[in-house]
Structure formats: C-alpha cells, structure tokens
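Descriptive structure summary
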Amino acid sequence: MMIQEKFELLEKNKEKALIAYVCAGDPDAGTTKDIVCALVRGGADIVELGLPFSDPVADGPTIQAASHRALDAGMNPDRYFELIASMDAGVPLVCMTYYNLIYKRGLEKFATDCAKSGISGIIVPDLPAEEADDLHTACRKHGIDLIFLVTPVTNEERMKKILGRTSGFVYIVSRLGVTGARADVAQSTKEILSRVQTDVPKAVGFGISDRQQAAEVLAAGADAVIVGSAFVNIVASGENVNEKIEVLARELKSACKEKRG
Amino acid sequence: MKRSMYGKYGGQFVPEVLMPALNELEEAYERYRDDPRFLEELAYYMKEFAGRETPLYFARNLSKKYGTKIYLKREDLVHGGAHKLNNTIGQALLAKYMGKKRLIAETGAGQHGTATAMVGANMGFETEVYMGAKDVQRQHMNVYRMQLMGTVVHSVQSGSKTLKDAINEALRDWVTNVGNTHYLIGSVVGPHPYPMIVRDFQSVIGNEVKAQIMEKEGRYPDSIVACAGGGSNAMGIFHPFVGDKEVKLFPVEAGGCGLKNTEKEALHSASLCVGEDGILQGAHTRVLQDRYGQILESSSVSAGLDYSGVGPELAHLADIGRIKPCNVNDEEALEAFYELSRTEGIIPALESSHAIAYVMKMAQSGELGDLVVVSLSGRGDKDLETVFSLKEKENRRVCQ
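Rules behind the numbers
- Residues numbered from 1 in each chain as written.
- Chains lettered and ligands numbered in written order.
- Predicted model: local features only at pLDDT ≥ 70, side-chain atom pairs only at ≥ 80, totals over all residues.
- Heavy atoms only, no water.
- Helix = DSSP H or I, 4+ residues; strand = E, 2+ residues; numbered from the N terminus.
- Rg over C-alpha atoms; globule rule 2.2 N^0.38 Å.
- Buried < 20%, exposed > 50% of the residue type's maximum accessible area, 1.4 Å probe, protein only.
- Areas by Shrake-Rupley, 256 points an atom, 1.4 Å probe, with all protein chains shown as cover.
- Lys, Arg positive; Asp, Glu negative; His and termini not counted.
- Charge placed at Lys NZ, Arg CZ, Asp CG, Glu CD.
- Contact = heavy atoms within 4.5 Å.
- Buried area = accessible area lost by both parts, 1.4 Å probe.
- Nonpolar A, V, L, I, M, F, W, Y, C, P; charged D, E, K, R; others polar.
- Axes fitted to C-alpha atoms, helices over the stretch in contact; angles between N-to-C directions.
- Parallel < 35°, antiparallel > 145°, perpendicular 65-115°, else oblique.
- Left-handed = near helix turned anticlockwise from the far one by under 90°.
- Patch = residues over 30% accessible without salt bridge, like charges linked within 9 Å, V, L, I, M, F, W, Y side chains within 5 Å.
- Salt bridge = Lys/Arg side-chain N within 4 Å of Asp/Glu carboxyl O.
- Core = buried A, V, L, I, M, F, W, Y, C linked by side-chain atoms within 4.5 Å.
- Arc of directions from axis to C-beta.
- Phe/Tyr/Trp six-rings, centres within 6.5 Å; stacked < 30°, edge-to-face > 60°.
- Lys NZ or Arg CZ within 6 Å of the ring centre and 35° of its normal.
- Pairing = 2+ DSSP bridges.
- Right-handed = clockwise from strand over helix to strand, strands pointing away.

1. Focus on the overall build of chain B
Across its full length, chain B carries 16 helices and 14 strands. The C-alpha radius of gyration of chain B comes to 19 Å, within 12% of the 21 Å expected for a compact globule of 400 residues. Here the C-alpha coordinates of chain B stretch approximately 55 × 50 × 45 Å along the principal axes. Within chain B, the fraction of its 400 residues that count as buried is 66%. Of the accessible surface of chain B, which amounts to about 14,000 Å², a share of 50% is contributed by carbon and sulfur atoms. Taking the 45 positively charged and 51 negatively charged side chains of chain B as two groups, their mean positions are separated by 2 Å.

2. Let's talk about the interface of chain B and chain A
The parts lose accessible area when they come together, and the size of an interface is often stated as this lost area. The interface of chain B with chain A comprises 33 residues on the first partner and 35 residues on the second. Of the roughly 2,900 Å² buried where chain B meets chain A, counting both sides, 53% is carbon and sulfur surface. A per-residue breakdown of the area chain B buries against chain A is headed by E16, R172 and Y292 of chain B, which together make up 25% of the total. Only β2 (9-13), α1 (19-32), α8 (163-176) and β11 (276-280) of chain B provide two or more residues apiece to the side of chain B that touches chain A. Ranked by residue count, the leading element in the side of chain B that touches chain A is α8 of chain B, at seven residues. Split by residue class, the side of chain B that touches chain A holds 12 nonpolar, 11 polar and 10 charged.

3. Digging into the packing of helix α14 (residues 330-344) of chain B against helix α15 (residues 350-362) of chain B
Residue and element names in this part refer to chain B. Closest axis-to-axis distance for the α14/α15 pair is 7 Å, and the angle between their directions is 90°. When the axis of α14 is compared with that of α15, the two are roughly perpendicular. For the pair α14 and α15, the contacting residues are E332, A333, L334, E335, A336, F337, E339 and L340 in the first and L350, S353, H354, I356, A357, M360 and K361 in the second. Of the residues contributing to the contact of α14 with α15, the split by class is nine nonpolar, two polar and four charged.

4. A closer look at the packing of helix α6 (residues 107-117) of chain A against helix α7 (residues 133-141) of chain A
All names here are of chain A. Direction vectors running N to C along α6 and α7 enclose 35°, while the axes themselves pass 9 Å from each other. For the pair α6 and α7, the crossing hand works out as right-handed. Contacts between α6 and α7 involve L107, E108 and A111 from the former and D134, L135, A138, C139 and K141 from the latter. Grouping the constituent residues of the contact of α6 with α7 by class yields five nonpolar, no polar and three charged.

5. Some thoughts on a nonpolar patch on the surface
All names here are of chain B. A surface patch of nonpolar side chains, amounting to about 260 Å² of accessible area, comprises I347, L384 and F388. Its location among the elements puts I347 in the loop between α14 and α15. Using a relative accessible area of 38% as the deciding quantity, one classes I347 as partly exposed.

6. Some points on the nonpolar core
L39, Y80, F169, Y171 and F231 of chain A are the most contacted members of the largest nonpolar core, which totals 183 residues. In this structure, Y80 of chain A is in contact with A24, L49, G50, L51, M75, V94, C95, M96 and I119 of chain A, ignoring residues within four places of it in sequence. Membership of the second largest hydrophobic core comes to 25 residues, among which are L62, A336, A363 and V372 of chain B.

7. Section: helix α16 (residues 384-392) of chain B
All names here are of chain B. What α16 keeps buried is the set T386, V387 and L390. With its buried residues spanning 95° around the axis, α16 presents them on a single face. Residues of α16 that are buried sit in contact with α6 (133-138), α14 and α15.

8. Remarks on the packing of aromatic side chains
Tallying each qualifying case throughout the model produces 20 aromatic pairs over all chains. Arranged with centres 5.8 Å apart and planes meeting at 85°, the rings of Y44 of chain B and Y45 of chain B form a pair that is edge-to-face. Of the residues examined, Y45 of chain B reaches a relative accessible area of 11% and is grouped as buried. Taken together, a centroid distance of 5.3 Å and an interplanar angle of 80° make the contact between Y220 of chain B and F241 of chain B edge-to-face. Of the two residues, Y220 of chain B sits in the loop between α10 (204-217) and β9 (223-227) while F241 of chain B sits in the loop between α11 (232-238) and β10 (248-256), which places them 21 residues apart along the sequence. When its relative accessible area of 23% is taken as the criterion, Y220 of chain B is described as partly exposed. According to the relative accessible area criterion, F241 of chain B is buried, its value standing at 0%. An aromatic cluster is defined as three or more aromatic residues linked by ring pairs; in this entry it consists of Y80, F81 and F110 of chain A. The ring of Y57 of chain B is capped by R74 of chain B, whose NZ or CZ atom sits 5.9 Å from the centre of that ring. Sitting above the plane of the F241 of chain B ring, K210 of chain B keeps its charged end 5.3 Å from the centroid.

9. Section: the sheet that holds strand β7 (residues 152-156) of chain B
All names here are of chain B. Strands sit in the order β7-β6-β5-β8 across an open sheet of four strands; the sheet is parallel. Strands at the two margins of the open sheet, each flanked by one partner only, are β7 and β8 (181-183). Averaged over all pairs of adjacent strands, the angle between strand axes in this sheet comes to 20°, irrespective of strand direction. Relative to β8, strand β5 (residues 102-107) runs parallel, the two being bridged by three bridges. Directly across from L103, in β8, lies its bridge partner H182. Each of β5, β6 (126-132), β7 and β8 touches α8; the most contacted strand, β5, lies at about 160° to it.

10. Points about the sheet that holds β2 of chain B
Read across the open sheet, the four strands follow the order β1-β2-β12-β11 (chain B); overall the sheet is antiparallel. Strands at the two margins of the open sheet, each flanked by one partner only, are β1 (5-6) and β11 of chain B.

11. Examining the pattern of salt bridges
When charged atoms on two side chains of opposite charge get close, those side chains can pair. Residue and element names in this part refer to chain B. Under the counting rule described, the total for this entry stands at 50 salt bridges over all chains. Between K96 and E41 there is a salt bridge, with the nearest N and O atoms lying 2.7 Å from each other. Remark: E41 occurs in helix α2 (residues 36-49) and K96 occurs in helix α4 (residues 84-97); sequence separation between them is 55 residues. Here D306 ties to R138 by a salt bridge, and the two come within 2.9 Å at their closest N and O atoms. One end of the pair, D306, is in the loop between β12 (282-287) and α13 (312-319); the other, R138, is in helix α6, with 168 residues separating them in the sequence.

12. Section: the pairing of β5 of chain B
Residues and elements named next belong to chain B. For β5, the tally of buried residues reaches six of six residues, placing the bulk of the element in the interior. Here six bridges tie β5 to β6, and the two strands are oriented parallel to one another. Directly across from E106, in β6, lies its bridge partner Y130. Traced from β5 through helix α5 (residues 111-123) to β6, the parallel crossover comes out right-handed.

In short, geometric facts, not functional conclusions.
Spelled out as structure tokens, the structure:
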C-alpha cells in the first residue's frame, strides 16, 4: 500500500497515524516478522523497518544497540529484502537506513529492490536534500517515496527546498539530538509545526514514548507520531515482546483516534 | 563541480540538524580567512604559542646510511608534540570569532585531543573530547594531559572503540548541542567545509617547507613523504606542492598486519591503497567496507592512523594520479621507530615512523629521487609504552 493512500484512508476515518519503528533482524529475522504483526494488530498504520548500519550517527544508544544485535545476528541488505518480500503486513512499510548501504548496492538497484519487495518509502538520516538528487530520481522512477527530515534549526530557505522534495510524509524532528525516548517532548514541537507549511502529512518523531506525549504532539497539529526507541526497548528486554509491543501500539494508537481537530 | 567536492569525493552527508551549523561554519570561514585581525591573531598563536616555524632538519646520518638526501620537517617540535596544534589554533580562533563557548573533539592517538585541550584552556572554552576506549588504554598519558588542562575525556565503548567510534559519538554530541558548540574535527575528513578548513590551517607545514628547501637546496624536493590516516599532516605538507608536478607526493598508510580483511575487520588502515568508494562520517571518500557497505574496523599499531576512511581530497588526488598511495606494515614502522631514534637521536611518533619506514624501504630504489622531505608529524614519547610492551613480550611479533 502506498503511504499517501494510507493517509487518505485515515483522513476519511478521522484518525491520525501511528508510525512505528523497529530494527529489522533484531534479535533475528523471524522475530521481526512477528513483531511487525504485533505492531499492526496494535494499530500501527505504517511500519519503519531499520536496515542496520555499522555506524549509525543519527541514532542514540537504544537503536545503536539494536543495530549491532541485528548485524551480529547476520542481517544484511539481501536478507532484509527477502524478509520484506516474505511479509504481508497490510500496511505501508518504510525502509530507514544510512546512505552508504544504498550507495554500495547502487541507487537504482536499491530502489528496484524496495519496489519489488514491498517497501513504499525510504528515510535516510544522513542524506540531506543537497545530496539527494540521484536517489530522488531513482525513487521517483520506481514509485518509492523519499522521506526527508526537518528540524527546529532548519531555516526557511531550506525548509522550502525540503518540503518541495519530500513525499509520503515529512519527518519532523521535534528536538535536537539523536533518537531515543525522552521524558519531555520538546516545547519546540508546536513552533516547528507552525513553520512546516505543506500538504504532505506531518509526522513528528524523536523522543515520543507514551500516550500522553503522542496526544500532545497530535494536539499541536501533527498528522502522525513516530515512535521508535520505546518499541526497540521492548524488543531488547526479550520478555513477552509481542504482547507488550501490541499493548504499547494500541495505547499510542488510541491517542490517534481522539477527536480530530 | 560543487565547491564542496573534490572530483566525485567530499560532500555533506550528515543529519539535517547539522546542515545549518556547517553552513554557518563555512560562512564564518569565508568571512575571516582573509580578515587582517584574524590572520594577525592566528600568526601570533602560531609563533608564540605553537613555536613555529619548525625546522626543516637535514638528517645527515640517515641520509648517509640510505644514500639519499633526507630532510625532516620537524612538526614533532610543535607545542604538544605534533602538527595537530596548527589546526586546533585555527579552528578555535574561528570558534571564538563565531561566539561559540564550547569545543568538542574526537581523538585517536590523543594528539588532537591534547591539542584541542591546549587551545581550550588557553582561549577559555569548555572542552570535551571523545576517545575510543581502546585508545584511552593505549594512550593514557595523553588522557592525563587533557585532564590536566581541564578537558573532560569521554571513553567511547561502542564499535571498535577507536577513532571511528569517537567521531560517531562526537557527531551525536554535536547534533544535540549544535547551538553553542563548535565541533573541532582533527583531520581532513568529515563533511565540507572541514576537509578544506583543516587542510588550509595545516598548509603552514608545506608553505614553510617551500621556503626552507629553496633556501637550503635552491630547489624543490624530488619527493615528499608523509603518513596518512585521515591525512591532515599529509594534506598540510602536500597541498602547497600539488601544482608543482615534478614533486612526487607519497602518502604512507598503515599496512598493519597485511592488506587483508576478515569478515568484520581490516587488518590494516589502508583506505587509499585498497579501500573502496563509500560514504563515511559525512564525506564520500575511500573507505574500508564489506560487500554490503558496512564499515570494517581498521587496525594499526599506531592509534593515529587507525581509521577506516581517509580525507576526500586525498582520495581525489589518488584517483587522478597526483599522489601515490603506499603503505608499510606494523613491523616496518616499529623498525623505523628504532632506526630514527638510534641514527638521529629523534624519537618519532609511531604514525610518523610509517613515513620514515617508507623512505628506508624505497631509498635505494631511486623511486624517491635524490632529495626527500619527510613529514615528521609527531614525537614518540606517547608511544613508549606501546613499544616497550611489544618488546617485553620477548620480541613477540606484532602480528600473529
């Protein structure tokens, strides 16, 4: 399913979107499949599956550790696309990875593999708009959304450029720093949301871990919340993973179903 | 070609949150690089604090023994014991002009961390340095030095626990504290404008050599030899000579225990010699990686060369044939460490020992010509423990 279709469907039902992140292959490929099912049962509307990289500079300790567990367990791009192809998640799947893995595979081949295996969009946290022309072309050719990030320090000029490029949704980084669950969802969320003028759905991520925070972000005007480290922490705990994942997803999704403003 | 590129290499492959900071840094550099007040202050620090200019020393004994004229550019005599201070003075001044209050840096051997600690203390910055846990262990004298000067040293436990992981951690700090913090990168690596800025501040080495060798020999050298990890001393001494095609330029990489890779690890740090096209820590360059693009952990007896990437401009100069990448292994570097100590009474850093080793190896071949300048990028005091612990293992070979 395309990301845009998903958002249109949610719009019709007066719901907002829960986007969940887990790292593919953490702790192994089979478990990832079960986890994705649990996320979808719990109500996740879009699932981001991290393709682990050895040097994830934009990630905090939680996702770094997940990446290393996945790499140690043998995850690689070939197995990643096999895993994706073997899934029938029923929701759009987004690949989140670092640019060297895409570059090394070849942009054209990477985009083809995404399209063939059932990936709808790509997020590359170390690829700013200035460097993204070639990947953008490859993605367009294969009908894959290339999703860009904006941050509280992105100025107006670059904001315009990025919003003109992004498709599927725009990933709004609510506060400075790396990924990771935080007690405080930044005050800057409201401010940045008011600066992001676009028809593309606005998804806010970085630091959101519970229902309360999700509700605040959505009330501030976001179309979607992105939650990663909170799910990855459950995976890392290794106990009743599927059950806990489903519960957390349901809880977060409930915030997305409240009266839509 | 974009200004941020060297041929196909270079660029700015960083998280979006850092783009404004890189633009701000580039603008500041453009504004101050020719500003008389900035240049005057830079010159003052270079002379009075760093102790420049450094001698271009004619190594009489070594020359005699190896049958070619060898000059050593004595960057080991710069305050702190290595060329690293040239760059930290420049960038710290820039940070001061930009109104930043805090410096962060990565360090491998601890030389760049020490040089950052020096300018941090001297110019009144809050300073924090990231250093791989493995390097903290093998270079702990430098950790003490940094701490003495009021710098907080973070021991980085992730990945290979060396320079690459220290850079990752420093980048994570920077994305969090980008407003008040300048990230003082220590080599010609990372996203634009760093490779350019570091090269420019280090070019004082090559510029001095140009004047000194003309005065002593009345001509340019036939070849210049410098060790290359990230490549800052190499770019610094090469850059002023790049247009002088008759001068051969040799970056010497760490051959470690041989140019082979295991599944997760390279037994060397020779990214120019055998690395492949890739993107690492902000730049498109040559990197050590597996078939999927995962970065391999590098390896070398010398902490300062132990890095999986290399400066993008060096990658470009290698592609177009202007520099000739080569490497020597751990054993050869150690041999050179002893050799220079015995023949000249100068104890070189293990990094610089790689450059010396290449000259020892190639002097007879004619490849280097009759007049060779070697960048003696640092002094070896910091390496004594490493060298003695290797010796204590009853001359056990470095590589098993």
